[in-house]
Amino acid sequence: MRVQATIRRDKNHASVLIWSLGNENPLTDICKQLGEYVKHELDSIRPVCYPQVGSYFRKFN
């Protein structure tokens, strides 16, 4: 799974403070499940962010 490889590669990097999922995609059940998987199985320390289309992140662009 791509998320496993990314987190294993980057989790010890000093600049990684939060995991961002979705990046301009609609929030789907798969995105939510992936976020839960990251939080409970891969890295329980960092928060998970879902910057989705129509979210408040959009106004910063």
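Located above this text is the structure these notes cover.
Caption draft 1: Just the packing of helix 1 (residues 2-10) against helix 2 (residues 29-42), in detail. The geometry of helix 1 relative to helix 2 is characterised by a closest axis approach of 11 Å and an angle of 45° between their N-to-C directions. Between helix 1 and helix 2, the angle is such that the two are oblique. As helix 1 runs across helix 2, the sense of the crossing is right-handed. On the side of helix 1, the interface is formed by Val3, Gln4 and Ile7, while helix 2 contributes Leu34, Tyr37, Val38 and Leu42. For the contact of helix 1 with helix 2, the per-class residue count stands at six nonpolar, one polar and no charged.

Caption draft 2: Examining the pattern of salt bridges more closely. Summed over all chains, the structure comprises two salt bridges. Of the charged contacts in the structure, one is a salt bridge between Asp10 and Arg9, with a shortest N-O distance of 2.7 Å. Across the salt bridge formed by Asp43 and Arg46, the nearest N and O atoms sit 2.5 Å from each other. The exposure class assigned to Asp43 is buried, which follows from its relative accessible area of 6%.

Caption draft 3: Structural context of helix 2. Its 14 residues place the ends of helix 2 19 Å apart at the C-alpha level, agreeing with the 20 Å of an ideal helix rising 1.5 Å per residue. Here helix 2 has its buried residues at Cys31, Gly35, Val38 and Leu42. Viewed end-on, helix 2 has its buried residues packed into an arc of 100°, placing them on one side of the element. Residues of helix 2 that are exposed and point more than 90 degrees away from the buried face comprise Asp29, Ile30, Gln33, His40 and Glu41.

Caption draft 4: Representation of the side chain of Arg46 within the structure. Structurally, Arg46 can be placed in the loop between helix 2 and strand 2 (48-49). Overall, Arg46 belongs to the buried group, its relative accessible area being 15%. Engagement of the side chain of Arg46 in a polar contact is seen with the backbone oxygen of Val16, the distance being 2.9 Å. Dropping the residues within four chain positions of it, Arg46 is found in contact with Lys11, His13, Val16, Leu17, Ile18, Trp19 and Lys39.

Definitions and limits used
Residues numbered from 1 in each chain as written. Predicted model: local features only at pLDDT ≥ 70, side-chain atom pairs only at ≥ 80, totals over all residues. Heavy atoms only, no water. Axes fitted to C-alpha atoms, helices over the stretch in contact; angles between N-to-C directions. Helix = DSSP H or I, 4+ residues; strand = E, 2+ residues; numbered from the N terminus. Parallel < 35°, antiparallel > 145°, perpendicular 65-115°, else oblique. Left-handed = near helix turned anticlockwise from the far one by under 90°. Contact = heavy atoms within 4.5 Å. Nonpolar A, V, L, I, M, F, W, Y, C, P; charged D, E, K, R; others polar. Salt bridge = Lys/Arg side-chain N within 4 Å of Asp/Glu carboxyl O. Buried < 20%, exposed > 50% of the residue type's maximum accessible area, 1.4 Å probe, protein only. Expected span 1.5 Å × (residues − 1). Arc of directions from axis to C-beta. Polar contact = N/O pair within 3.5 Å; in protein donor to acceptor, adjacent residues only side chain to side chain.

Nothing here speaks to function; it is geometry throughout.
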